[in-house]
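Listed here are the chains, written in short residue letters.
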Amino acid sequence: MPNSPDTIALATQLSRLFGWIYTTSWSLSFYPQPLLNIKRRSTHGFSPDFAFSNVLGFAALTASTSAFLYSPVIRSEYAARHPRSPQPTARVNDLAFAAHALFWTVVMASQFWPRLWGWPKQSSRAQEETGDEEAQEALGGKRGSWVCKVLCLGGILAVAVMSIIVGIKKRSSNDKKDERANPYDLAWIDVVYALQYLKLALTMYKYSPQALSNYFRKSTAGWAIGQILFDTAGCILSLGQLAIDSALQDDWSGFFGNPAKLGLAFISLFFDIVFLVQHYILYGDGQKEMEGKTDDERTPLINGQSRQDRV
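These lines cover the structure that appears in this document, whether it is placed above or below. (Residues numbered from 1 in each chain as written. Predicted model: local features only at pLDDT ≥ 70, side-chain atom pairs only at ≥ 80, totals over all residues. Heavy atoms only, no water.)

## Observations concerning a nonpolar patch on the surface
Together, Leu229, Ile273, Val277, Tyr280, Ile281 and Leu282 line one region of the surface with nonpolar side chains, adding up to about 590 Å² of accessible area. Examining the composition of the nonpolar patch, we find that 5 residues originate from one element, helix H13 (residues 259-282), more than from any other. Tracing the chain through its elements places leucine 229 in helix H11 (residues 225-248). (Patch = residues over 30% accessible without salt bridge, like charges linked within 9 Å, V, L, I, M, F, W, Y side chains within 5 Å. Areas by Shrake-Rupley, 256 points an atom, 1.4 Å probe, with all protein chains shown as cover. Salt bridge = Lys/Arg side-chain N within 4 Å of Asp/Glu carboxyl O. Helix = DSSP H or I, 4+ residues; strand = E, 2+ residues; numbered from the N terminus.)

## Some thoughts on the side chain of asparagine 93
Checked against the element boundaries, asparagine 93 lands in helix H5 (residues 92-110). A distance of 3.1 Å separates a polar atom in the side chain of asparagine 93 from a polar atom in the side chain of threonine 23. Setting aside anything within four residues of it in sequence, one finds asparagine 93 in contact with Gly19, Trp20, Tyr22, Thr23 and Gln241. (Polar contact = N/O pair within 3.5 Å; in protein donor to acceptor, adjacent residues only side chain to side chain. Contact = heavy atoms within 4.5 Å.)

## Some details on the nonpolar core
Side chains that are nonpolar tend, in soluble globular proteins, to be buried together. Counting 42 residues, the largest nonpolar core has Phe30, Phe46, Phe97 and Phe275 as its most contacted members. Those elements giving two or more residues to this core turn out to be helix H1 (5-28), helix H3 (48-70), H5, helix H9 (146-176), helix H10 (188-217), H11 and H13. By residue number, the principal contributor to this core is H10, which donates 9 residues. Residues contacting phenylalanine 30, with those up to four places away along its chain left out, are Phe58, Phe97, Ala101, Trp104, Thr105 and Met108. If you look at the next biggest cluster of nonpolar residues, it comprises 11 residues, including Phe68, Ile74, Ala90 and Tyr193. (Core = buried A, V, L, I, M, F, W, Y, C linked by side-chain atoms within 4.5 Å. Buried < 20%, exposed > 50% of the residue type's maximum accessible area, 1.4 Å probe, protein only.)

## Concerning the packing of aromatic side chains
Going through the model one piece at a time under the given rule, you end up with 22 aromatic pairs. Judged by centre distance (6.1 Å) and plane angle (45 degrees), the ring pair of phenylalanine 30 and phenylalanine 97 falls under tilted. Of this pair, phenylalanine 30 sits in the loop between H1 and helix H2 (32-40) while phenylalanine 97 sits in helix H5, placing them 67 residues apart in sequence. Overall, the relative accessible area of 8% leaves phenylalanine 30 in the buried class. Centroid distance tryptophan 223 to phenylalanine 275: 4.9 Å. Interplanar angle 45 degrees. Geometry classified as tilted. One end of the pair, tryptophan 223, is in the loop between H10 and H11; the other, phenylalanine 275, is in helix H13, with 52 residues separating them in the sequence. A relative accessible area of 0% means that phenylalanine 275 is categorised as buried. Counting every residue linked through ring pairs, the aromatic cluster contains Phe46, Phe50, Phe52, Phe112, Trp113, Tyr207, Trp223, Phe270, Phe271 and Phe275. The lysine or arginine in question, lysine 199, covers the ring of phenylalanine 58, its NZ or CZ lying 3.5 Å from the ring centre. Geometry around tyrosine 215 places lysine 218 over its ring, the cationic atom sitting 4.0 Å from the centre. (Phe/Tyr/Trp six-rings, centres within 6.5 Å; stacked < 30°, edge-to-face > 60°. Lys NZ or Arg CZ within 6 Å of the ring centre and 35° of its normal.)

In structure tokens form, the structure reads like this:
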């Protein structure tokens, strides 16, 4: 990148602009789904695996981003591994996004307990009419699939084990007082990277049940497409900010040194395209039919009456 002061100043301001716009766009993507659930008084058509894996994923992202921003130990270990660009590419807007996302994912997860929201419990009859058995299985049931539970518990266990190993290793190295330690030896920064890889693994998985459910139902009803539109814009701008920051540092290792931000954007963008194709190209007519059918079936649930009672 040209190193003239004006160019650097412009790129710096552009990076900040991209950062806050993508943060806003990604943050807004968390509103359509819970609002749709509130409007429908139901989470039918929305994958619990998506909600539950998001809670752990964004907790991991919030913790790792906080460490890169505010932990002297993590920042010094990052600088040792990236001497040409010693400053992590994590930004305050990344933390703002992660913390905001964590809050709303907890809200969405809580909506799978309808009593907390004063919603009527959906009957098995309505579930059978609005989605077949394969779609329900793809969604992960009412409390999430066993795959989601194993992935979450396994991820927590892996991070805990790595933390213990690093703690033992650091204590041993401090006792030996070895000043020529290899910066690429196992260190606390690897625990932070483990949190980021956990977030990536959960992101890769969480979209799959929803995409499969849409496929089996031939519909995207119950899945708020607004969140995908905001998410797509956020992914593009996130990658743009990361590229600008790496170019400013004249070291593209920084581009790949933030695997959570890089991988999150690419994975999310891929599934965003899948959902956009499902919604606007493949199942447009099916979605309208499903929404009309759901609205008709939802009325007795809201009014506390069954269809037979009305007849």
